[in-house]
Amino acid sequence: MEQLVTSPDNSTTARSRTSHQLLQPPEQDATAAPRRGRRTRRALALTALLAAGALTLSACGGSAEAGSGDGKNGQAGADAAAAKDASDAKITVSSKDGATDASINATGVKVTGGKLTEVKLTVADSGAPVEGAISGDGTSWKPGVQLERGTKYKLVANAKDAKGRPATENATFSTVSSDHSFIGNYTPDDGKTVGVGMPVSFNFDKVITNKKDVQSHITVTSDSGQEVVGHWFGAQRLDFRPEEYWKANSKVTMKIDLDGVQGGDGITGVQSKTVTFTIGRSQVSTVDMNTQTMTVKRNGSVLKSVPISGGSPDHPTYNGQMVISEKFTQTRMDGSTVGFGGEYDIKDVPHAMRLSSSGTFIHGNYWGSPSIFGNSGTSHGCVGLRDAKGGGGDTPGKWFFNESLIGDVVIVKNSHDKTVQPDNGLNGWNLSWSQWKAGSAV
């Protein structure tokens, strides 16, 4: 085999030599150029060949001859060949890689052209796994729990197509922070059975300035067909109720679609769920302060008349329609927590049910003389029923506690006090329907 070598100092002149001649040069011709010049040219020629060989050996992607001698084209050809044999499975992660405001509800994985084989979601800092499940048809995955706000997660999803070719998708993302999101703590809870006066009440953890959008993404409906309207109490509370008490035994559905909704400057909602609760039998009890008696009506008929002891002349009970919002078999009542200093501190009040946020309860009273019930008001504004210490025995206090639901209505009339404020507890029924609708942002 012959190689063509061009002298570096004379590019237009070339001599043809065999490979053997390159290793065994001929004897010097007496008429030729000096020996030193020929050695120099041969050394330069060999250096050039060695350099060319080094380039060939270090080229990425193999032989430089691939793709008509163009290394770039050769790599493109290899990439094209790899793409041609790639999996048909295409994985999509709802929370984009690098996101800093990912939803705590909507994170999930979907695949087309194949089926998921494994999905791992972990808390980035600790490596703690987050439980989840692949759907029965293998095309989607969802976490089994709601993600935490302001937390960084890592997700790895694997799938295979019909030919068994694998595909993988990775994503690292952070959920929206507490500082830049808002939630609404609501009542009643899903699955509960409540009284006919129970409103749907949201208390938001941030000031809401975009009230219209927030309210429009919460819908409350009843299978009774009653119209339900929202009413804002300030910038952080939103209640829903019909014009009249809920129909007994009806079903109420609340749909919360706040995920991603702008609640104000720099804050977005993170909740997305549906809540259903049941309205029980109708029970409305009316306390008459003139007679110190409570009449309990069940489904419109009198169930029982109970003697009570309401607020004293110095500390009268609020008038108005009040809704039972909490029940305690036993609780402590300390006057200093509601503005009465050290006037009383009873650590074991039995059968207590809250009627207002400011401290109005209807509860058992074991310390008062039996003669006060039905005759005189002696409390600091609460409605007391005769009871026993420890809550035992057959007493009016125990009976009423057992017969009551959260959401039942207690109406107080003929008291010398004012009407309870509609936002003092769950007591929006003290607004007329026109007043209630005027507080809606939708």
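Structure report, in brief. Just so it is clear, the structure is predicted and the values come from calculations on it, not from any experiment.

Before going further, it helps to examine the overall build of the protein. When its secondary structure is counted, the protein shows six helices and 29 strands. Relative to its 442 residues, the protein shows a buried fraction of 39%. In the protein, 62% of the contacts between residues at least 6 apart in sequence involve partners at least 24 apart. Summed over all atoms, the accessible surface of the protein reaches about 23400 Å², with 50% contributed by carbon and sulfur.

Turning our eyes to something else, we now look at the environment of Asp417. Position of Asp417 among the secondary structure elements: in the loop between strand S29 (409-413) and helix H6 (433-438). Along the backbone, Asp417 and Pro316 are 101 residues apart, and their C-alpha atoms lie at a distance of 5.5 Å. Here Asp417 is in contact with Pro316, Thr317, Tyr318 and Asn319, once residues within four sequence places are set aside.

The next subject is the sheet that holds strand S16 (residues 237-242). The strands making up a sheet are joined through hydrogen bonds of the backbone, oriented either antiparallel or parallel. The four strands lie next to each other as S11-S13-S16-S15, forming an open sheet whose pairing is antiparallel. The outermost strands of the open sheet, each flanked by one partner alone, are strand S11 (184-187) and strand S15 (228-233). Across this sheet, the average inter-strand angle for adjacent strands is 20 degrees, counted without regard to direction. Inspection of the sheet shows S15 paired to S16 by six bridges, in the antiparallel sense. What sits directly across from Val228, in S16, is Pro242.

This part covers the sheet that holds strand S18 (residues 262-264). A sheet is described by the order of its strands in space; here three strands give the open sequence S10-S19-S18, paired in mixed fashion. A strand with exactly one partner marks an edge of an open sheet, and here the two such strands are strand S10 (181-182) and S18. Here two bridges tie S10 to strand S19 (residues 267-269), and the two strands are oriented parallel to one another. Paired with Ser181 across the strands is Thr268, a residue of S19.

Here we come to the side chain of Gln215. Relative to the elements of secondary structure, Gln215 occurs in helix H4 (residues 211-216). By relative accessible area, which is 5% here, Gln215 ends up buried. At 3.0 Å, the side chain of Gln215 forms a polar contact with the side chain of Trp232. Leaving out residues up to four positions away in the same chain, Gln215 has contacts with Gly230, Trp232, Leu238, Phe240, Ser440, Ala441 and Val442.

Another point: the packing of aromatic side chains. Overall, the coordinates contain 10 aromatic pairs when judged by the stated rule. Judged by centre distance (5.7 Å) and plane angle (45 degrees), the ring pair of Tyr186 and Phe202 falls under tilted. Here Tyr186, found in strand S11, pairs with Phe202, found in strand S13 (residues 200-204); they are 16 residues apart in sequence, far enough to count as distant. What makes Tyr186 buried here is its relative accessible area of 18%. Pairing Phe328 with Phe361 gives two aromatic rings, centres 6.5 Å apart and planes at 45 degrees, and the pair type is tilted. Taken together, the residues span a long stretch of sequence, with Phe328 in strand S25 (residues 326-334) and Phe361 in strand S27 (residues 361-365) at a distance of 33 residues. You can call Phe328 partly exposed: its relative accessible area is 26%. On the accessibility criterion, Phe361 (8% relative accessible area) is buried.

Taken as a whole and assessed by the stated rule, the structure comprises 12 salt bridges. Among the ionic contacts, a cluster of salt bridges with common partners joins Asp88, Asp161 and Arg165.

So, about the environment of Lys96. Take Lys96: it is sitting in the loop between strand S3 (90-93) and strand S4 (109-112). A relative accessible area of 53% places Lys96 in the exposed class. Spatially, the C-alpha atom of Lys96 lies 6.8 Å from that of Phe173, the residues being 77 residues apart in sequence. With residues up to four places along the chain from it excluded, the contact list for Lys96 reads Thr172 and Phe173.

A separate point is empty space enclosed by the protein. For the coordinates displayed, the defined rule picks out two cavities of 30 Å³ or more. When grouped by side-chain class, the residues that make up the lining of the second largest cavity number four nonpolar, one polar and two charged.

All right, on to the nonpolar core then. Counting 31 residues, the largest nonpolar core has Phe202, Phe204, Val214, Ile218, Val220, Phe240 and Met254 as its most contacted members. Elements with a contribution of two residues or more to this core: S13, strand S14 (218-222), S15, S16, strand S17 (251-257) and strand S20 (272-279). Look past the residues within four positions of Phe240 in its chain and what remains in contact with it is Pro199, Val200, Phe202, Gln215, Ile218, Val220, Val228, Val229, Gly230 and Trp436. Core analysis: the next-biggest nonpolar cluster, separate from the first, contains 23 residues, Ala89, Ala102, Ala157 and Phe173 among them.

Time to look at unusual backbone geometry. Of note, the amide linkage connecting Thr187 to Pro188 takes the cis form, showing an omega dihedral of 0 degrees. You can see Pro188 is positioned in the loop between S11 and strand S12 (193-194). Positioned with a positive phi, His351 is a non-glycine residue whose angle comes to about 50 degrees. Here His351 is to be found in strand S26 (residues 345-354). Here Asn414, not a glycine, exhibits a phi torsion of approximately 65 degrees, which is positive.

Rules and cut-offs
Positions within a chain are numbered from 1, following the residues in the order the chain's sequence is written. Confidence filtering applies because this is a predicted model: local features only for residues at pLDDT of at least 70, side-chain atom pairs given and counted only at 80 or more, and all residues used for totals across whole chains, interfaces and linings. No hydrogens and no water enter the side-chain calculation; it runs on all heavy atoms of the structure. Strands here mean DSSP runs of E at least two residues long; helices mean DSSP runs of H or I at least four residues long; both are numbered from the N terminus. Think of it in three bands: residues with accessible area under 20% of the maximum for their type are buried, residues over 50% are exposed, and the middle band is partly exposed, with areas taken using a 1.4 Å probe on protein chains only. In this description, contact between two residues means that some pair of their heavy atoms is separated by no more than 4.5 Å. Every accessible area reported is derived by Shrake-Rupley at a probe size of 1.4 Å, with residue values counting cover from the shown protein chains alone. Only strands joined by at least two bridges in the DSSP assignment are considered to pair. Only the stretch in contact is used when fitting a helix axis, every axis being a line fitted to C-alpha atoms; angles between N-to-C directions are given from 0 to 180 degrees. Here a polar contact means two N or O atoms within 3.5 Å. Within protein one must be a hydrogen donor candidate and the other an acceptor candidate, and residues neighboring in sequence count only if both atoms are side-chain atoms. When two rings of Phe, Tyr or Trp (its six-membered ring) have centres within 6.5 Å they constitute a pair, described as stacked for plane angles under 30 degrees, edge-to-face for angles over 60, and tilted for the intermediate range. Within this document, salt bridges are pairs made up of a side-chain nitrogen of Lys or Arg and a carboxyl oxygen of Asp or Glu, the two lying within 4 Å of each other. A cavity here means a set of points on a 1 Å grid, drawn over the protein atoms and nothing else, where a 1.4 Å probe fits but cannot get out; a pocket is an open set with protein on both sides within 12 Å along at least five of seven lines, and a residue lines either one if it has an atom within 4 Å of a point. Grid points are joined across faces, edges and corners, and a volume is the space filled by probe spheres set on the points. Think of it as three bins: nonpolar holds Ala, Val, Leu, Ile, Met, Phe, Trp, Tyr, Cys and Pro, charged holds Asp, Glu, Lys and Arg, and polar takes everything else, Gly as well. Nine residue types can take part in a nonpolar core, namely buried Ala, Val, Leu, Ile, Met, Phe, Trp, Tyr and Cys, and a core is a set of them joined through side-chain atoms within 4.5 Å.

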